[in-house]
Amino acid sequence: MNKSVKLSELNRNETIADFLRRQGVRVILPCGGMGSCGKCTVKVHFNGDGKILKAIEVLSCQTTAAQLFETAPTGCTEVTFEIDESKILNSMPSTISSESLTETASSPDEKTNKRPFIAAVDLGSTTIETAALTPDGELIGSLRKRNPQVSYGADVISRIKAAVSSHFAASDMQRLAESTIAASLSELSSKYSLSKTPSQMAIAANTTMGHLLEGADVRSLGEAPFNPGDISLKDISQVFFTDKTPVYLLPGISAFVGGDIASGIYYLGIDQAEEPALLIDLGTNGEMALGNRDALYVTSTAAGPAFEAANISCGTPGLPGAITQVSFKGTRPVLTLIPWEEDFSMLSPGERIQHEIKLRTKRPLGLCGNGLISAVSAMKGAGIIDENGTYVKDVWIKKGFPLWKPSPVNKGEDPITLTQDDIHELLFAKSAIRSGIEILMKESHLTPSKVYLAGGFGSSLSAEEASSIGLFPDMLSDRIAAVGNTSLKGAVKFLSEDSPEVRMRLSQIRNKSHEIVLADDKDFEDLYLNNLRV
């Protein structure tokens, strides 16, 4: 898309990204505007006398209007910002979780002929998933949207910094989360003929996302001693401008281990089980819990956004057209994509074949998190990288490995290349998770009988491919189970079972949790360095 503005109307000290945000165009800033990921580039056209005088490409998060003034050629009166649609937040479609959509019966309201419902929400750093349920807890439908706060950074540290430095940013992030949840509720209500608002709602979130949603100060979450403040169960209905619908924010455990993990522990019954189990959320914050009915040991590790491919040069969310699996025939990559969302039902057989051929040659969006792990696993198996994750050919080290190249029918398209730095980003994240698991097992003196992979990413991860790159200790490779979004499922369970006993149980999960700070463990650094191998 293009956005034009008179040169004189730009604020001298404002970055291009900030200017575009004020204009309602939110450029995605995976690194939080630090200038390190290079994924927010825009083309700037300097215009005058009805023609383009000069064009440059810059980082929108780093380039200020003052720098544009210095660069502008004589006679320039206007600039046009040309932004790739894939770099703009509002171009990212929401994804309906069609596998979990089920029509269920409930009695409609006599006055409105609309069915009453309750709602559960998983407020994650990357995505926000909202589920509508019948009053007795049966699933009606769910909707997953990208968290628009990603325009302030892919990780919670970036968002904490943004909120601390700007009251506007803190307020904006609160409204972004609230409005996304409200929009999802509205879409679900319309699709399934539900009442306008749910009769009650439960939200599970990591501690930072919960604080931002309720408008609490996040400063202490980013500074030692990292005091989480009030993370007990609370009603935050005022955030949604209502006093009629209870909106429960589920309790967390600490500044770094939030209500999403506590909700997962509750849903899976880890806190009441005799045999120890390990719960891992393979997200940006790398939260995990190991324990049983006697005690729980929790930690989080700065895995970063590599598992969501947010800081990968060719990375993309798990949307239709994303590469989700990679294999090799020799050194020729074979790609499997998330199917494109195309409806051919109204086409003739001949037209359908033509459109299917076009889709086969269409440029993929890029690598999603699953695709990244699959690619590195397959490269290891094909001998394209060595045990350190380093390409075996100098040309690949310098230029990256081309996973997809344009053919004559899509000449001019950019290739999709996995760089050496991309592989390193995954190995950094992988090592952080693996080292966190090993520290938890050491400190707790427990070996899990089951390993639960949670979250949208974990639910579709190939345990075999993840194990092949060393994400888990070998002894756990046959104990892994993908359990989907346990944060959301725990919120659903809370609504179905809410009672003084359940609330006490949630409180006890926090009380029996022992937080392990990985940075304070003398073995963590050695483990981390050792686990960087594939």
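No experiment lies behind these values; they were computed from the predicted model shown.

Enquirer: Quick question: what am I supposed to make of unusual backbone geometry here?
Expert: One can expect most non-glycine residues to show negative phi and most peptide bonds to be in trans. With an omega dihedral of 10°, the bond running from Ala 224 to Pro 225 counts as a cis peptide bond. Positive phi, close to 55°, is recorded for Asp 49, a residue that is not glycine. Assignment of secondary structure puts Asp 49 in the loop between β2 (41-48) and β3 (51-59). Positive phi values are uncommon outside glycine, yet His 445 reaches one of about 60°. Counting through the fold element by element, His 445 comes out in the loop between α10 (420-444) and β20 (450-454). Looking at His 445, the relative accessible area reads 73%, which means it is exposed.

Enquirer: Is there a simple way to explain the pattern of salt bridges in this structure?
Expert: A side chain with one charge may pair with a side chain of the opposite charge, provided their charged atoms come close. One pass over the structure, following the stated rule, counts 16 salt bridges. Taking the shortest distance from any N to any O, the salt bridge between Glu 443 and Lys 442 comes out at 3.5 Å. With a relative accessible area of 32%, Lys 442 lands in the partly exposed category. Close ionic contact of Arg 503 with Asp 498 constitutes a salt bridge, the shortest N to O distance being 2.9 Å. What makes Arg 503 partly exposed here is its relative accessible area of 33%. Through salt bridges with shared partners, one network takes in Lys 442, Glu 443, Asp 521, Lys 522 and Asp 523.

Enquirer: Would you take a moment to explain the pairing of strand β14 (residues 296-300) for this structure?
Expert: If a strand is regular, its side chains alternate between the two faces of the sheet. A large share of β14 lies buried, amounting to five of its five residues. Alternating positions in β14 separate into two faces, Leu 296, Val 298 and Ser 300 on one and Tyr 297 and Thr 299 on the other, with burial throughout. Bridge analysis of strand β13 (residues 287-291) against β14 gives five bridges, and the strand direction is antiparallel. The residue bridging Leu 290 from the neighbouring strand is Tyr 297, located in β14. Linking two consecutive strands that pair antiparallel, namely β13 and β14, is a turn of four residues. Sheet analysis places β14 next to strand β22 (residues 513-515), joined by three bridges and oriented parallel. By the bridge assignment for β22, Val 298 is matched with Glu 515.

Enquirer: Please explain the nonpolar core as it appears in this structure.
Expert: One broad rule of soluble globular proteins: the nonpolar side chains tend to lie buried together. Core analysis: the biggest nonpolar cluster contains 55 residues, and Ile 280, Met 379 and Leu 418 have the highest contact counts within it. Of all the elements in the fold, those that place two or more residues in this core are β12 (277-281), β13, β15 (322-329), α8 (369-382), β18 (401-404), β19 (416-418), α10 and β20. A total of nine residues in this core trace back to one element, the largest contributor, which is α10. Residues contacting Ile 280, with those up to four places away along its chain left out, are Glu 287, Met 288, Ile 433, Ile 437, Val 451, Tyr 452, Leu 453, Ala 454 and Phe 472. Listed in part, the 36 residues of the second largest apolar core include Val 156, Ala 162, Val 218 and Ile 236.

Enquirer: What exactly am I supposed to notice about a negative patch on the surface here?
Expert: A surface patch of negative charge is lined by Glu 57, Glu 82, Asp 84, Glu 85, Glu 413 and Asp 414. One can find Glu 85 in the loop between β4 (78-82) and β5 (95-96). Classification of Glu 85 by relative accessible area gives partly exposed; the value is 43%.

Enquirer: Explain α10 to me, please; I cannot follow it from the model alone.
Expert: Note on helix geometry: an α-helix contains 3.6 residues per turn, so any two residues three or four positions apart are oriented the same way. Look at α10: 36 Å from first C-alpha to last across 25 residues, which is about the 36 Å you get at 1.5 Å a residue. The buried count for α10 comes to 19 of 25 residues, which makes it a mostly enclosed element. Positive phi appears at His 445, one or two residues downstream of α10, with a value of about 60°.

Enquirer: Could you clarify how one ought to interpret the sheet that holds β13 in this entry?
Expert: Sheets are built from strands that pair by backbone hydrogen bonding, the pairs being arranged parallel or antiparallel. Strands sit in the order β21-β20-β12-β13-β14-β22 across an open sheet of six strands; the sheet is mixed. Looking at the sheet topology across the chains shown, the edges are occupied by β21 (480-484) and β22. Strand-to-strand twist in this sheet, taken as the mean axis angle between neighbours without regard to direction, amounts to 20°. Relative to β20, β12 runs parallel, the two being bridged by five bridges. For Leu 278, the partnering residue across the bridge sits in β20 and is Val 451. Lying over the sheet, helix α6 (residues 259-268) contacts β12, β13, β14, β20 and β21, oriented at roughly 140° with respect to β12. Helix α13 (residues 486-497) rests against β12, β20 and β21 of the sheet, and its axis sits at about 55° to β21.

Enquirer: Got a minute to help me understand the packing of helix α4 (residues 167-191) against helix α5 (residues 207-214) in this structure?
Expert: How two helices pack is summed up by the angle between their axes together with the distance between the axes. At a closest axis distance of 7 Å, the pairing of α4 and α5 adopts a crossing angle of 95°. The angle between α4 and α5 places the two elements in the roughly perpendicular class. Across the interface between the two elements, Met 173, Gln 174, Ala 177 and Glu 178 from α4 touch Leu 212, Leu 213 and Glu 214 from α5. Of the residues contributing to the contact of α4 with α5, the split by class is four nonpolar, one polar and two charged.

Thresholds applied
Residues numbered from 1 in each chain as written. Predicted model: local features only at pLDDT ≥ 70, side-chain atom pairs only at ≥ 80, totals over all residues. Heavy atoms only, no water. Helix = DSSP H or I, 4+ residues; strand = E, 2+ residues; numbered from the N terminus. Buried < 20%, exposed > 50% of the residue type's maximum accessible area, 1.4 Å probe, protein only. Salt bridge = Lys/Arg side-chain N within 4 Å of Asp/Glu carboxyl O. Pairing = 2+ DSSP bridges. Core = buried A, V, L, I, M, F, W, Y, C linked by side-chain atoms within 4.5 Å. Contact = heavy atoms within 4.5 Å. Patch = residues over 30% accessible without salt bridge, like charges linked within 9 Å, V, L, I, M, F, W, Y side chains within 5 Å. Areas by Shrake-Rupley, 256 points an atom, 1.4 Å probe, with all protein chains shown as cover. Lys, Arg positive; Asp, Glu negative; His and termini not counted. Charge placed at Lys NZ, Arg CZ, Asp CG, Glu CD. Expected span 1.5 Å × (residues − 1). Axes fitted to C-alpha atoms, helices over the stretch in contact; angles between N-to-C directions. Parallel < 35°, antiparallel > 145°, perpendicular 65-115°, else oblique. Nonpolar A, V, L, I, M, F, W, Y, C, P; charged D, E, K, R; others polar.

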